[in-house]
Amino acid sequence: MKSKKIVTVVLIVVVVFLLFLNFRAILRPAKYEEIYEQRRELNLNRLMVIAELQGLYTQEYQHYAPHIDSLVNFYEKGHLTIENTSLIFPEGMDSTEVLNLSMKQREEQGLVKKDIQYVGVKGKMAEILKELNKNKEGSTKIEMKDFQYIPFTKTQYKIVTPADDSTQTKFAIFVPVNQMMSNFTESLPKSTFSKMIYGGMENLYNDDVKKKDIKDSRNISKFVGLQLGDTVYTSTEITSYGKAK
């Protein structure tokens, strides 16, 4: 009778353990996808900020910023030069005659009045973000804070420009998925249960660990990084980048 109870207890423990493993196998990929989507949106938001800043930078300097620090400095201290022009119609001169002149001729004859204004980049970006955030709520809103850093890391986005392009009319930023998902545990609930279910997932991109955990590695193979712009075409579009190995 006693042996039957022991067998029953052992069977219950085995069943519970198997249920736990099955439960864990379902939750792990679902949690990874949830955090991936959160991280992807955070990166998209920051890349959108960088894209907007690059647009303003090239408007002012006629080329893209070559380094992320250049953009930070431009945002903190820079300004946009706005030139407004108007025509001068001297007394005794027919207005049609002025309008028929080329811009160069008007300037040579002193018939063009130029008004220079300087607009702070911070103020301009506040206007841009207000427009971009119209349909966003809560944590999905785009912010300027730490825009130069890949979220959950101390790594700055790296701007890549063609080595043979001294005017820097093109640029790209690549965010590999392993950088996007760095410090994975920071996005997990802080509890013993969480550690039991999700323990070890932060190492999925570590080659040594990956080989030992083929199932989890297979689950993350569909996730990719992000790319802003490129070095072939002048573009500020954000697209998918690379494939998980």
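Note: the structure precedes this text.
(A) Main features of the overall build of the protein. Scanning the protein from terminus to terminus reveals 9 helices and 6 strands. Scored against the burial criterion, the 245 residues of the protein give a buried share of 32%. Partitioning the intrachain contacts of the protein with sequence separation of at least 6 by distance along the chain shows that 66% fall at a separation of at least 24. Put simply, the protein shows about 15700 Å² of open surface, and 53% of that area lies on carbon and sulfur atoms.

(B) Expanded view of the sheet that holds strand β6 (residues 238-241). The 4 strands are arranged β3-β4-β5-β6 in an open sheet whose pairing can be described as antiparallel. Both edges of this open sheet fall to β3 (159-160) and β6, since each of them pairs with a single strand only. Of the pairings in the sheet, the one linking strand β5 (residues 225-230) to β6 comprises 4 bridges and is antiparallel in character. Along β6, the bridge assignment pairs L228 with I238.

(C) Molecular detail of helix α5 (residues 121-132). The terminal C-alpha atoms of α5, which comprises 12 residues, lie 16 Å apart, in line with the 16 Å expected from a rise of 1.5 Å per residue. Regarding α5, the residues found buried are V121, M125, I128 and L129. All buried residues of α5 project into a common sector of 100° when viewed along the axis, lining one side. Structural note: α5 exposes E127 and K130 on the side pointing more than 90 degrees away from its buried face.

Reading the values: the criteria
- Residues numbered from 1 in each chain as written.
- Predicted model: local features only at pLDDT ≥ 70, side-chain atom pairs only at ≥ 80, totals over all residues.
- Heavy atoms only, no water.
- Helix = DSSP H or I, 4+ residues; strand = E, 2+ residues; numbered from the N terminus.
- Buried < 20%, exposed > 50% of the residue type's maximum accessible area, 1.4 Å probe, protein only.
- Contact = heavy atoms within 4.5 Å.
- Areas by Shrake-Rupley, 256 points an atom, 1.4 Å probe, with all protein chains shown as cover.
- Pairing = 2+ DSSP bridges.
- Expected span 1.5 Å × (residues − 1).
- Arc of directions from axis to C-beta.

Keep in mind these numbers describe shape, not what the thing actually does.
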